[in-house]
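Descriptive structure summary
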Amino acid sequence: MNLEKLESNLANARHTASMAHSVVIKLKEMGLPEHLDDYLGTLSTDLGDLCNAQDELASLVNNLTEVSQDWDSIGDILVDIRAVVEHINWHASSLRRPINKLTHYAYRTAL
C-alpha cells in the first residue's frame with residue numbers, strides 16, 4: 001500500500017471517528033443516562049461508518065461513470081460497490097435496535 005493511500009485511509013478513519021464522537025458528545029450533553037451507553041456506542045459507530053460508506057459509494061459510482069475505460073476496471077469497481085453496499089446493509093441492520101431504544105427515550109423525555 002502506498003503512502004498516499006495509507007494517509008487517505010487514516011484521514012477517513014479519523015473523520016469517521018470524529019463523527020461518531022460528535023454523536024456521543026451531543027447525546028451525553030443532553031443528559032442521556034448511562035444505562036443507554038451501549039446503545040449509544042453502537043449507534044454512533046454505525047452512523048459514523050454509514051456516513052463514510054456513503055462518501056465511498058459516491059466516489060465509486062463517480063469512478064464507474066466518469067473514469068473507467070475498460071471492462072477490467074469496471075469489474076473491479078462493481079466488486080468494490082458490492083462490498084460497500086454489503087457494509088452499509090450490515091450497519092443499517094446493526095443500528096435498528098439502538099436507534100429504536102434511543103428514539104423511545106427521546107420521545108419519553110420530551111413529554
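Residues numbered from 1 in each chain as written. Predicted model: local features only at pLDDT ≥ 70, side-chain atom pairs only at ≥ 80, totals over all residues. Heavy atoms only, no water.

Glancing now at the side chain of H91. Here H91 lies in helix α3 (residues 71-94). Excluding its chain neighbours within four sequence positions, the residues that come into contact with H91 are D46, D49 and L50. (Helix = DSSP H or I, 4+ residues; strand = E, 2+ residues; numbered from the N terminus. Contact = heavy atoms within 4.5 Å.)

Here we come to a negative patch on the surface. Negative charge collects at one region of the surface, where D55, E56, D70, D72, D76 and D80 lie side by side. Listed by contribution, the elements that provide at least two residues to the negative patch are α2 (37-67) and α3. No other element matches α3, which puts three residues into the negative patch. Secondary-structure assignment places D76 in helix α3. (Patch = residues over 30% accessible without salt bridge, like charges linked within 9 Å, V, L, I, M, F, W, Y side chains within 5 Å. Areas by Shrake-Rupley, 256 points an atom, 1.4 Å probe, with all protein chains shown as cover. Salt bridge = Lys/Arg side-chain N within 4 Å of Asp/Glu carboxyl O. Lys, Arg positive; Asp, Glu negative; His and termini not counted. Charge placed at Lys NZ, Arg CZ, Asp CG, Glu CD.)

With that out of the way, let us pick up the packing of α3 against helix α4 (residues 96-110). It is at 4 Å that the axes of α3 and α4 come closest, and there the two elements cross at 40°. The residues of α4 that touch α3, namely those facing A92, S93 and S94, are R96, R97 and P98. Among the residues making up the contact of α3 with α4, the classes are represented as two nonpolar, two polar and two charged. (Axes fitted to C-alpha atoms, helices over the stretch in contact; angles between N-to-C directions. Nonpolar A, V, L, I, M, F, W, Y, C, P; charged D, E, K, R; others polar.)

In this section: the packing of α2 against α4. Closest axis-to-axis distance for the α2/α4 pair is 9 Å, and the angle between their directions is 125°. The angle between the axes of α2 and α4 places the two elements in the oblique class. Crossing handedness for the pair α2 and α4: left-handed. Contact residues: Y39, L40, T42 and L43 in α2; R97, P98, I99, K101 and L102 in α4. Taken together, the residues that form the contact of α2 with α4 break down as six nonpolar, one polar and two charged. (Parallel < 35°, antiparallel > 145°, perpendicular 65-115°, else oblique. Left-handed = near helix turned anticlockwise from the far one by under 90°.)

This part is about the nonpolar core. With six residues, the main nonpolar core is built from L32, L36, Y39, L40, L43 and L102. In terms of residue count, α2 provides more of this core than any other element does, three residues in total. Contacts of L43, omitting those with residues within four sequence positions, involve V23, L27, P98, I99 and L102. Counting residues in hydrophobic clusters, the runner-up holds five residues, among them A53, I77, I81 and V84. (Core = buried A, V, L, I, M, F, W, Y, C linked by side-chain atoms within 4.5 Å. Buried < 20%, exposed > 50% of the residue type's maximum accessible area, 1.4 Å probe, protein only.)

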